[in-house]
Amino acid sequence: MDSTASVQIDEQSTEKGNMWVLDQKLDQPMEEEAGRLRNMYREKKFSSLLVLRLAFQSLGVVYGDLGTSPLYVFYNTFPNGINDPEDVVGALSLIIYSLTLIPLIKYVFVVLRANDSGQGGTFALYSLLCRHAKINTIPNQHRTDEELTTYSRHIFDEKSFAAKTKRWLEAKAYRRKALLVLVLVGTCMVIGDGILTPAISVLSAAGGIKVDHPKMSGDVVVVVSAVILVGLFSMQHYGTDRVGWLFAPIVLLWFLLIGGIGAFNIWKYDSSVLKAFSPVYIYRYFRRGGWNSLGGIMLSITGTEALFADLAHFPVLAVQIAFTVVVFPCLLLAYTGQAAYIIKNQDHVKDAFYRSIPDGIYWPMFLIATAAAVVASQATISATFSIIKQALALGCFPRVKVVHTSKKFLGQIYIPDINWILMIMCIAVTAGFRNQSQIGNAYGTAVVTVMLVTTLLMILIMLLVWRSHWILVLIFTVLSLAVECTYFSAVLLKIDQGGWVPLVIAAAFLIIMYVWHYGTVKRYEVEMHSKVSMAWILGLGPSLGLVRVPGIGLVYTELASGVPHIFSHFITNLPAIHSVVVFVCVKYLPVYTVPQEERFLVKRIGPKNFHMFRCVARYGYKDLHKKDDDFEKKLFDNLFLFVRLESMMEGCSDSDEYSLYGQQTERSGDSQLTETKNILSLNVDTVTSSGDDSILPVKSPLMVSHLLSSSGQTSNQTETDELEFLNSCRDAGVVHILGNTIVRARRDAKFVKRISIDYIYAFLKRICRENSVIFHVPHESLLNVGQIFYV
């Protein structure tokens, strides 16, 4: 059943009178109720042997993209041929120092330390900043959330530079919005990277066919590349876990072969290229006008951002060992060997990689190169899925289907809609450009933009999270921006030669993401402003002025406090309401995961005879709601546990408040009850019939039930009656009441706002997944209540 109401919302805040003060007293938000599980998420310690094994495995997941760059770097650096052999030495010198400054120093030894409990990428950095400053544009967080085990943050000295930076960032709304737009730009460029990496990697690898058969048409290479891409994207639904065991050996063999071939070419052709380790040749290279070729040289460090985004399942030490021991030396040998070959064979620069391979291993090397290109593409596609999932969780992407592909690894996901969009766009880019040069220009634009975004976010991380000295921040900023801005200025010159592609892709996704986020914020704001007064609810009496029919009504809302307007709209249009009403709020927090033991918060709304509760289910940006197949069962388990503990605390308390976090109670006797209090970390106000909210953290039901039974405490008659009443209502039936909130722009709104809300946001809302599908609500138990809000 759908019923609709039109509500005019004034965006200007109204004067708060006595009724507002009364309402705040009657319906307070969740207090600090989630006790810490102190030892659950300590940093894991790994044995030396395990670290080495993880370092080996990280090769296949983290370094595939960076390792395939030798396929196309020199061709994109000299697309029009070589005029002077010394240009090759200058380009090699730039490659050497770019690899040293960006992947090695900046990322491997600095940026990787800025991970969010092992999670990498632009949204992981943003989540760290959201926990250390109030910059989240959806204000649905509460201090209760800060008590989560995974919600780690630092407390600033008010006079510190970090505190000043925090206040500066929070002072103006436009600064918070600018930071969000910066993160979204980086995210959109990562999506563009997910389109361009498979295109250039597979096309470059498949180009080996034409090297051995020069008379073959270029169309054949494009067709072969398209077939490989279709196969690659068609396999995504299996997940990397099932085929991942092949990745590490392939990539390790790839690195050893390109390193060995490079060393052989240095010895065979021209060992004088080793003088490129002198930075003097960089200066000479620029003097001869090498600026225009920087876009090609920058491709040598592509895949560095994927290195950070794919960090999730490996300790930082393992990733650092893999890079310094295998990846870095092998890449240096590969590029140096190619340079030695090119100096003696300047006409072969277009196919330098394949032509420098000894004849005896040409075709095995071609097969390994193709496999390595597929691995590199897989890593980038997985990173794209991951970052879109993070954006979706933080309200910055339309609701899409997310499939969890691994039971062992939380971060391995598959997004069907995005997968097919990536495939179509990737094939279009491959068939449209047909050569590596223009794709390389586009690729470079996307990569250097993501690096600049990471640098700007790292500046805030160093100030707010690490509280580094300003001199260290300045050194990091100058070194990073000096290299990246230089490359950025070079790729801007290639905008008309293919560099426009990632800009168009990023602009399209940026509009989608920002408009969706804007609409989400507006919808949350109007629901906050239109929520029902608790005084009005209490004035209706225990029956709420209606017939209370057997059953439980689960009212889904985005509000973590207060009674949503959907409820008043419902009861004013229907003559009956369920005997028990539970307001369910599912919200995502800027943490990578919320432990199961801390996921649910339960509270009572109003006096006991109202039988109204609120349950807040909290998730991190890596958590999947679909994993909770028994979400409804867990919700009721925690609700029943809340009633038992609430009753027990009423019967045993001789004061208004319990001590928390393991403090010894002064009451004598019953040590088991004291243990129960300490483990649960309770901070409970004694429940009265005045309508005040009672607040209780809910931990593991099995653990608490065991403690309660072993303590010998028996439930009083009130508790037994209420539990029996709740069980009978549950048996009578559960109805899921979902609000279908529609926002519309007012007639006097600006043109851009009307276009954004009435057309773009409305279209995205129509084509995205419904909440009933996301929450897995059975169709026969679903009740939609529609509302229209004008903003």
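Structural data are supplied above this passage.
Fair warning: this is a prediction, and the values are worked out from it, not measured in the lab. (Residues numbered from 1 in each chain as written. Predicted model: local features only at pLDDT ≥ 70, side-chain atom pairs only at ≥ 80, totals over all residues. Heavy atoms only, no water.)

## Quick notes on the overall build of the protein
Quick reminder of the rule: Secondary structure elements follow DSSP: runs of H or I of four or more residues count as helices, runs of E of two or more count as strands, with numbering from the N terminus. Three exposure classes are used, based on accessible area relative to the maximum for each residue type with a 1.4 Å probe and protein chains only: buried under 20%, partly exposed in between, and exposed over 50%. Working rule for contacts: check all heavy atoms of both residues, and any pair within 4.5 Å makes them a contact. Accessibility throughout is a Shrake-Rupley quantity obtained with a 1.4 Å probe, and a residue counts as covered only by protein chains that appear here.
For the protein, the count of helices and strands is 29 helices and ten strands. In the protein, buried positions account for 57% of the 791 residues. In the protein, 85% of the contacts between residues at least 6 apart in sequence involve partners at least 24 apart. When the accessible surface of the protein is totalled, it reaches about 32600 Å², and 59% of it is carbon and sulfur.

## Observations concerning the pattern of salt bridges
Stated formally: By salt bridge we mean one thing: a side-chain nitrogen of Lys or Arg within 4 Å of a carboxyl oxygen of Asp or Glu.
Summed over the entire model, instances satisfying the criterion amount to 13 salt bridges. When the shortest N-O distance is used, the salt bridge between Arg-604 and Glu-722 registers 3.1 Å. Here the residue Arg-604 occupies a position in strand S6 (residues 600-605), and Glu-722 occupies one in helix H27 (residues 717-732), the gap between them amounting to 118 residues. Assessed through its relative accessible area of 6%, Glu-722 is described here as buried. Here Arg-746 and Asp-748 are joined by a salt bridge, their closest N and O atoms 3.9 Å apart. Since its relative accessible area comes to 66%, Asp-748 is described here as exposed. The structure contains a network of salt bridges with shared partners spanning Glu-86, Asp-87, Arg-284 and Arg-288.

## A word on helix H7 (residues 161-171)
Formally: Arc, as used here, means the arc of the directions from the helix axis to the C-beta atoms.
The set of residues buried in H7 consists of Ala-162, Ala-163, Thr-165, Lys-166, Leu-169 and Glu-170. Looking straight down H7, one finds its buried side chains confined to an arc of 160°; they lie on one side. Exposed side of H7, more than 90 degrees from the buried face: Phe-161 and Ala-171 are the residues found there.

## Some remarks on the pairing of strand S4 (residues 547-556)
To keep things clear, this is the line we draw: Pairing between strands is defined by DSSP: at least two bridges between them are needed.
Sheet topology note: the S4/strand S5 (residues 576-588) ladder contains eight bridges and is parallel. Paired with Tyr-556 across the two strands is Val-584, which belongs to S5. The sheet contact formed by S4 and strand S9 (residues 734-744) spans five bridges and is parallel. Across the sheet, residue Val-555 finds its bridge partner in S9, namely Ile-737.

## Some remarks on the nonpolar core
Definition in use: What is meant by a nonpolar core is a set of buried Ala, Val, Leu, Ile, Met, Phe, Trp, Tyr and Cys residues, joined one to another through side-chain atoms within 4.5 Å.
Tyr-63, Trp-254, Phe-255 and Tyr-354 are the most contacted members of the largest nonpolar core, which totals 160 residues. Examining the composition of this core, we find that 18 residues originate from one element, helix H19 (residues 436-465), more than from any other. Those residues within four positions of Trp-254 in sequence are excluded, and the remaining contacts are Gly-67, Thr-68, Leu-71, Phe-353, Met-365, Ile-368, Ala-369 and Ala-372. With 25 residues, the next largest nonpolar core counts Ile-552, Tyr-556, Phe-631 and Cys-729 among its residues.

## Digging into the packing of aromatic side chains
This is how the line gets drawn: Planes of paired rings set the category: under 30 degrees apart is stacked, over 60 is edge-to-face and the rest tilted, where pairs are Phe, Tyr or Trp rings (Trp by its six-membered ring) whose centres lie within 6.5 Å. Look at NZ for Lys and CZ for Arg. If either is within 6 Å of the ring centre and within 35 degrees of the ring normal, a charge sits over the ring.
By the definition in use, this model includes 22 aromatic pairs. With a centroid separation of 5.3 Å and 80° between ring planes, the pair formed by Phe-353 and Tyr-354 is classed as edge-to-face. For the pair Phe-353 and Tyr-354, one class covers both residues: buried. Clustering of aromatic rings is evident, with ring pairs tying together Trp-254, Phe-353, Tyr-354, Tyr-362, Trp-363 and Phe-366. A cation over a ring is seen here: Arg-113 above Trp-466, with NZ or CZ 4.6 Å from the ring centre. For Arg-284, the ring lying beneath its charged end belongs to Tyr-281, and the centroid distance is 5.0 Å.

## Digging into the side chain of Ser-201
Turning to its location among the elements, Ser-201 is positioned in helix H8 (residues 173-206). Discounting residues that sit within four places of it in the chain, Ser-201 has contacts with Thr-68, Leu-71, Tyr-72, Ala-373 and Ser-377.

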